[in-house]
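Analysis of the macromolecular model
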Amino acid sequence: MRRPMVAGNWKMHGTRASVAELTQGLSQLSLSSGIEVAVFPPALFINTVIDGLAKTKIVVGAQNSAVQSEQGALTGEVAPSQLAEVGCKLVLIGHSERRQVIGESDEVLNRKFAAAQAAGLKPVLCVGETLEEREAGKTLEVVGRQLSSIIDAFGVSAFANAVIAYEPVWAIGTGLTASPQQAQDVHAAIRQQLAAQDAEVAEGVQLLYGGSVKAANAAELFGMPDIDGGLIGGASLNADEFGAICRAAGN
Ligand code: PEP
């Protein structure tokens, strides 16, 4: 039985003051025991947020981590083992902003995925198509290819300890949301692709939807059979709004 998960990606937002306020707001939420909740602050604030949420059920993840698992000579990067040591549990791999703006390739993302798992972090692999790809009817091909990159390198069992977030690029931060049926169709295809190799892994993996999710549309999206929660950007910067999305996942 899959537990719903709601994860907040704070992206490159926050000051000391706003992070303290948001953490304080989150620490006061009353969250259903049936759901998993995570937040991904900027790396600079991870320690503070871990401390601030220590008495809650909210776990903390990183938005990025290095291609090698252990600390070493890699200027500017943060090792998965360092993240694990301070108490991080999860790491986003392949968010579209990193694929598109930073130019991270599938090959780099494969290395980050494996390094994260080697350090005991659970990767949240983000996949999704651009508007041009959707309009060209290539959504399932693109998402399938992003998924295959990991499966071909590490086998489908890599997803026994990972989460997948389907995030159509055209819906991220735009206010445009995939309809529940559009999202469900892609989620079902992802699960089928995994099931073709291992039914148990496919049945167990949490598939999150991301792209302009807010309290007003969360319940409808989370009501679809293959949508196990959400990866939330903008709306996760407000504790009350994030709390309402968590309630939608818990119902
Ligand atoms: C995201 O950044 O992962 C995201 C889904 O952003 P937003 O909710 O703001 O569209």
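Parameters at a glance
Note on numbering: residues in each chain are counted from 1, in written sequence order. With the structure being a predicted model, the display of local features is reserved for residues of pLDDT at least 70 and the display and counting of side-chain atom pairs for 80 or more, all residues being used for whole-chain, interface and lining totals. Computation of side-chain values covers all heavy atoms of the structure but excludes hydrogens and water. We call a residue near a molecule or strand whenever a single non-hydrogen atom of that residue lies within 4 Å of it. N or O atoms within 3.5 Å of each other form a polar contact, as long as, within protein, one can give a hydrogen and the other can take it, and as long as residues adjacent in sequence are counted only when both atoms are side-chain atoms. We get accessible surface area from the Shrake-Rupley algorithm with a probe of 1.4 Å; when it comes to residues, only the shown protein chains can shield them. Residue polarity is assigned by list, with Asp, Glu, Lys and Arg as charged and Ala, Val, Leu, Ile, Met, Phe, Trp, Tyr, Cys and Pro as nonpolar; anything else, Gly included, falls into the polar class. UniProt positions are given in the numbering used here, feature names are shortened, and annotations may be inferred rather than shown by experiment. Here a helix means four or more residues in a row that DSSP labels H or I, a strand means two or more in a row labelled E, and each is numbered from the N terminus. Contact between two residues is taken to exist if any of their heavy atoms lie within 4.5 Å; hydrogens are not considered. Definition used in this section: a nonpolar core is a set of buried Ala, Val, Leu, Ile, Met, Phe, Trp, Tyr and Cys residues joined via side-chain atoms within 4.5 Å. Burial classes follow relative accessibility: with a 1.4 Å probe on protein chains only, a residue under 20% of its type's maximum area counts as buried, one over 50% as exposed, and anything between as partly exposed.

1. Focus: the site of the ligand
With respect to spatial proximity, 14 residues lie near the ligand, and among them Lys11, Glu167, Gly173, Ser212 and Gly233 are the closest. In this structure, Lys11 approaches the ligand through a side-chain N or O atom, which is 2.7 Å from an oxygen atom. In the model, an oxygen atom of the ligand is placed 2.8 Å from a nitrogen or oxygen of the Ser212 main chain. Look at the ligand: alone it shows 300 Å² of surface, and the protein chains cover 95% of it. When the residues that make up the shell around the ligand are grouped by side-chain class, the tally is four nonpolar, eight polar and two charged.

2. Considerations on the UniProt feature "binding site: substrate" (unreviewed entry) in the protein chain
UniProt records the feature "binding site: substrate" (unreviewed entry) for Asn9, Trp10, Lys11, Gly173, Ser212, Gly233 and Gly234 in the present numbering. A compact arrangement is adopted by the annotated residues: their sequence extent is 226 residues, whereas the largest C-alpha distance between any two is 13.8 Å. Note on placement: Lys11 falls in the loop between strand S1 (5-9) and helix H1 (16-27). Excluding residues within four positions of it along the chain, Lys11 makes contact with Phe40, Pro42, Gln63, His95, Glu97, Ile172 and Gly233.

3. Some remarks on the nonpolar core
Ranked by internal contacts, the top residues of the largest apolar core, which has 64 residues, are Leu26, Phe159, Ile190, Leu194 and Phe222. The element that contributes the greatest number of residues to this core is helix H11 (residues 239-250), accounting for six residues. Phe222 has contacts with Val6, Val213, Ile227, Gly229, Gly230, Ile245, Ala248 and Ala249, leaving out every residue within four places of it along the chain. Counting residues in each nonpolar core, the second largest holds twelve residues, with Phe40, Ala165, Leu208 and Leu231 among its members.

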